[in-house]
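# Tertiary structure, described
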Amino acid sequence: MKIVVIGGTGLIGSKLVTKLAERGHEALAASPASGVDTLTGAGLAEALKDASVVVDVSNSPSFEDTAVLEFFETSTGNLLAAEQAAGVGHHVALSVVGTERLSESGYFRAKIAQEKLIKAAPIPYSIVHATQFFEFVKSIAAAATDGDTVRLAPVLIQPMAADDVAEAVCRVAVGSPLMGTVEVAGPEQFRLDDFIRAGLKAHQDPREVIADRGARYFGAELGERTLVPGDLAQIGETHFEDWLAESLAVKS
Ligand SMILES: NC(=O)c1ccc[n+]([C@@H]2O[C@H](COP(=O)([O-])OP(=O)(O)OC[C@H]3O[C@@H](n4cnc5c(N)ncnc54)[C@H](OP(=O)(O)O)[C@@H]3O)[C@@H](O)[C@H]2O)c1
């Protein structure tokens, strides 16, 4: 099958393109770097020609409230219209576990808007909700940093390796449309502050992580289980400790 990966140069997208090609599919990495821009529509019709499936793993360059909403609304609208014109039979999108519970956050309001457009469009779809990637430790810390201090709510989190996310998206992309959402998560739960503390410590980051019940996550208040999936989530195989050891070994 020809499968177009929008955001195919990104963290998940590049892994996904490799996995699809390994399974014998024609995987096209589409992004501004290859002349395909879902915000302007440039290069979209050409990229989607003869495609059976489109996987959207793009992300907004800016997480500022207005910019991120504009990104996901405009890019998803353009993409779905181009897919309809090209006769694409399956739209797959990657989103985040708990998105529907995080509407206080501008970023998650944008992801909610993206999902709404997908569900309202005539193209058969699948949405993959993944938990936070291990690779996202620094970004979570950066968003919660004030001076030398990182304040995080000590709520449950069940993060996963980007490689396991890409594997799950790959399985969905080559399957039949789910007309719904599937959840994927890592094999262990942590407290958010413990997870970030361990990630920063491994990289000798001197910032102090403080557990603070009232601390917001990208603008949203968190409950004990806001970030964790339901009982039916598919579980990735990579453990955080093993992933950390491997990523430190690659670095050194
Ligand atoms: N971070 C997490 O923990 C987490 C958890 C669950 C789900 N997710 C979701 O996972 C998805 C992918 O995240 P990621 O970290 O893999 O993203 P990423 O590494 O930041 O990559 C973003 C991709 O989007 C592309 N892109 C940017 N603007 C574009 C445009 N106008 N048209 C087409 N493509 C464009 C980029 O292309 P260029 O390289 O050409 O700029 C790049 O390939 C996101 O939708 C996010 O919501 C994230």
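Residues numbered from 1 in each chain as written. Predicted model: local features only at pLDDT ≥ 70, side-chain atom pairs only at ≥ 80, totals over all residues. Heavy atoms only, no water.

## With respect to the site of the ligand
Looking at the ligand, there are 26 residues lining it, with Thr9, Leu11, Ser31, Tyr107 and Lys111 nearest. At a separation of 3.0 Å, an oxygen atom of the ligand approaches a polar backbone atom of alanine 33. Between the ligand and the protein, one listed contact pairs an oxygen atom with a side-chain N or O atom of tyrosine 107 at 2.6 Å. A total of 940 Å² of accessible area belongs to the ligand in isolation, and the protein chains cover 83% of it. Examining the composition of the shell around the ligand, we find that three residues originate from one element, strand E4 (residues 90-96), more than from any other. For the shell around the ligand, the class distribution of residues is 14 nonpolar, ten polar and two charged. (Near = heavy atom within 4 Å. Polar contact = N/O pair within 3.5 Å; in protein donor to acceptor, adjacent residues only side chain to side chain. Areas by Shrake-Rupley, 256 points an atom, 1.4 Å probe, with all protein chains shown as cover. Helix = DSSP H or I, 4+ residues; strand = E, 2+ residues; numbered from the N terminus. Nonpolar A, V, L, I, M, F, W, Y, C, P; charged D, E, K, R; others polar.)

## Here's the deal with helix H3 (residues 65-86)
With 22 residues, H3 extends 32 Å between its outermost C-alpha atoms, agreeing within 8% with the 32 Å of an ideal straight helix rising 1.5 Å per residue. Within H3 the residues assigned to the buried category are Val68, Phe71, Phe72, Ser75, Thr76, Leu79, Leu80, Ala82 and Glu83. All buried residues of H3 project into a common sector of 165° when viewed along the axis, lining one side. Of the exposed residues in H3, the ones pointing more than 90 degrees away from its buried face are Thr66, Gln84 and Ala85. Summarising the contacts, the buried residues of H3 are in contact with strand E1 (2-6), helix H2 (44-48), strand E3 (53-56), E4 and helix H4 (106-120). Glycine 87, located one to two residues past H3, shows a positive phi value of around 75°. (Expected span 1.5 Å × (residues − 1). Buried < 20%, exposed > 50% of the residue type's maximum accessible area, 1.4 Å probe, protein only. Arc of directions from axis to C-beta. Contact = heavy atoms within 4.5 Å.)

## So, the nonpolar core
If you look at the biggest cluster of nonpolar residues, it comprises 32 residues, and the most contacted ones within it are Leu152, Leu192, Ile196 and Leu227. Every element with two or more residues in this core is listed here: H3, H4, helix H5 (137-143), strand E7 (149-152), helix H7 (192-202) and helix H8 (240-251). Setting aside residues up to four positions removed in sequence, leucine 152 forms contacts with Ile140, Ala144, Leu192, Asp193, Ile196, Val209, Ile210, Ala211, Asp212 and Ala215. By size, the runner-up hydrophobic cluster in this structure holds 25 residues, among which are Leu16, Ala130, Met160 and Val172. (Core = buried A, V, L, I, M, F, W, Y, C linked by side-chain atoms within 4.5 Å.)

## With respect to the sheet that holds E4
Here seven strands make up an open sheet; going across it, the order is E2-E1-E3-E4-E5-E9-E12 and the pairing parallel. Among the strands making up the open sheet, the edge pair consists of strand E2 (26-30) and strand E12 (234-235). Across six bridges, the pairing between E4 and strand E5 (residues 125-130) is parallel. Each bridged residue has a counterpart across the sheet, and for alanine 93 the counterpart in E5 is isoleucine 127. Against the sheet, H3 makes contact with E1, E3 and E4, and its axis sits at roughly 175° relative to E3, the strand it touches most. H4 contacts E3, E4 and E5 of the sheet and is inclined by roughly 160° relative to E4. (Pairing = 2+ DSSP bridges. Axes fitted to C-alpha atoms, helices over the stretch in contact; angles between N-to-C directions.)

## What about the packing of helix H1 (residues 11-22) against helix H6 (residues 162-173)?
Running from N to C, H1 and H6 point in directions that differ by 55°, and their axes come no closer than 9 Å. The angle between H1 and H6 places the two elements in the oblique class. The two elements H1 and H6 cross, and the hand of that crossing is right-handed. On H6, the residues that touch Leu11, Ile12, Lys15, Leu16, Lys19 and Leu20 of H1 are Ala162, Asp163, Val165, Ala166, Glu167, Val169 and Cys170. A breakdown of the residues in the contact of H1 with H6 according to their chemical character gives nine nonpolar, no polar and four charged. (Parallel < 35°, antiparallel > 145°, perpendicular 65-115°, else oblique. Left-handed = near helix turned anticlockwise from the far one by under 90°.)

## What about the sheet that holds strand E6 (residues 145-146)?
The three strands are arranged E6-E7-E11 in an open sheet whose pairing can be described as mixed. Of all strands in the sheet, those with a lone pairing partner are E6 and strand E11 (208-211), marking the two edges. Bridging between E6 and E7 involves two bridges; their strand directions are antiparallel. The residue bridging aspartate 146 from the neighbouring strand is threonine 149, located in E7. The strands touched by H7 are E7 and E11; relative to E11, the strand with the most contacts, the crossing angle is about 175°.

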